[in-house]
Amino acid sequence: MLSSQKNNEPRYLLCLSKDAKLLFQVSLKTLIESENSDFMVYKLRDRSMIDIPDYKEWLEIVEIDEGKYSLLHLNLCYKIGKEVRRNK
């Protein structure tokens, strides 16, 4: 469930696939330590969900804090970078 905030504060959202949701439900650490990269994080300054590409295709969207956003963003960069280097 997305909470309300002051309009000038950024919102941090985590979009999850089915498998990523199951891992996240166990714990943030479980998702980070997994090989799963089927999730996305967004920092929104606008209150509109329109800024999220394909937001209707995600199984779940949850609001997270800035610390979790930073951890998950770095984790995605690592996982995707690892995959890109492997495919060269």
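Refer to the preceding data block for the structure.
What comes next concerns the included structure. (Residues numbered from 1 in each chain as written. Predicted model: local features only at pLDDT ≥ 70, side-chain atom pairs only at ≥ 80, totals over all residues. Heavy atoms only, no water.)

**Observations regarding the nonpolar core**
In step 1: Core analysis: the biggest nonpolar cluster contains 13 residues, and Leu14, Leu16, Leu31, Phe39, Val41, Ile64 and Leu72 have the highest contact counts within it.
In step 2: Only β1 (11–16), α2 (28–33), β2 (39–44), β3 (60–64) and α3 (66–86) provide two or more residues apiece to this core.
In step 3: Ignoring anything within four residues of it in the chain, the contact list for Leu16 reads Lys21, Phe24, Leu31, Asp38, Phe39, Trp58, Leu59, Glu60 and Val62.
In step 4: In terms of nonpolar packing, the next biggest core, distinct from the first, is built from six residues, Leu13, Cys15, Ile52 and Ile61 among them. (Core = buried A, V, L, I, M, F, W, Y, C linked by side-chain atoms within 4.5 Å. Buried < 20%, exposed > 50% of the residue type's maximum accessible area, 1.4 Å probe, protein only. Helix = DSSP H or I, 4+ residues; strand = E, 2+ residues; numbered from the N terminus. Contact = heavy atoms within 4.5 Å.)

**Some details on the pattern of salt bridges**
In step 1: Tallied over the full model, the rule gives five salt bridges.
In step 2: A salt bridge links Lys21 to Glu60; the shortest N-O distance between them is 2.8 Å. With a gap of 39 residues between them, Lys21 in helix α1 (residues 18–26) and Glu60 in strand β3 connect regions that are remote in the sequence.
In step 3: Classification of Lys21 as partly exposed rests on a relative accessible area of 22%.
In step 4: Residue Glu60 is classed as partly exposed on the basis of its relative accessible area, which comes to 25%.
In step 5: Residues Lys82 and Glu35 are paired through a salt bridge, measuring 4.0 Å at the closest nitrogen-oxygen approach. One end of the pair, Lys82, is in helix α3; the other, Glu35, is in the loop between α2 and β2, and 47 residues separate them in sequence. (Salt bridge = Lys/Arg side-chain N within 4 Å of Asp/Glu carboxyl O.)

**Thoughts on α3**
In step 1: The terminal C-alpha atoms of α3 lie 30 Å apart, and with 21 residues this matches the ideal 30 Å at 1.5 Å per residue to within 8%.
In step 2: On its buried face, α3 sits against β1, α2, β2 and β3.
In step 3: Sitting at the amino-terminal end of α3 is Asp65, which places a side-chain oxygen 3.1 Å from the backbone nitrogen of Gly67. (Expected span 1.5 Å × (residues − 1). Polar contact = N/O pair within 3.5 Å; in protein donor to acceptor, adjacent residues only side chain to side chain.)

**What to know about the side chain of Asn36**
In step 1: By secondary structure assignment, the location of Asn36 is in the loop between α2 and β2.
In step 2: Given the relative accessible area of 15%, Asn36 is considered buried.
In step 3: Looking at Asn36, its side chain comes within polar contact range of the main-chain nitrogen of Asp38, at 2.8 Å.
In step 4: Residues in contact with Asn36, not counting those within four places in the same chain, are Asp19, Ala20, Leu23, Leu31 and Lys79.

**What about the environment of Ile52?**
In step 1: The topology assignment puts Ile52 in the loop between β2 and β3.
In step 2: The exposure class assigned to Ile52 is buried, which follows from its relative accessible area of 2%.
In step 3: The sequence separation of Ile52 and Tyr42 amounts to ten residues, and the corresponding C-alpha distance is 7.5 Å.
In step 4: Contacts of Ile52, omitting those with residues within four sequence positions, involve Leu13, Cys15, Tyr42 and Leu44.

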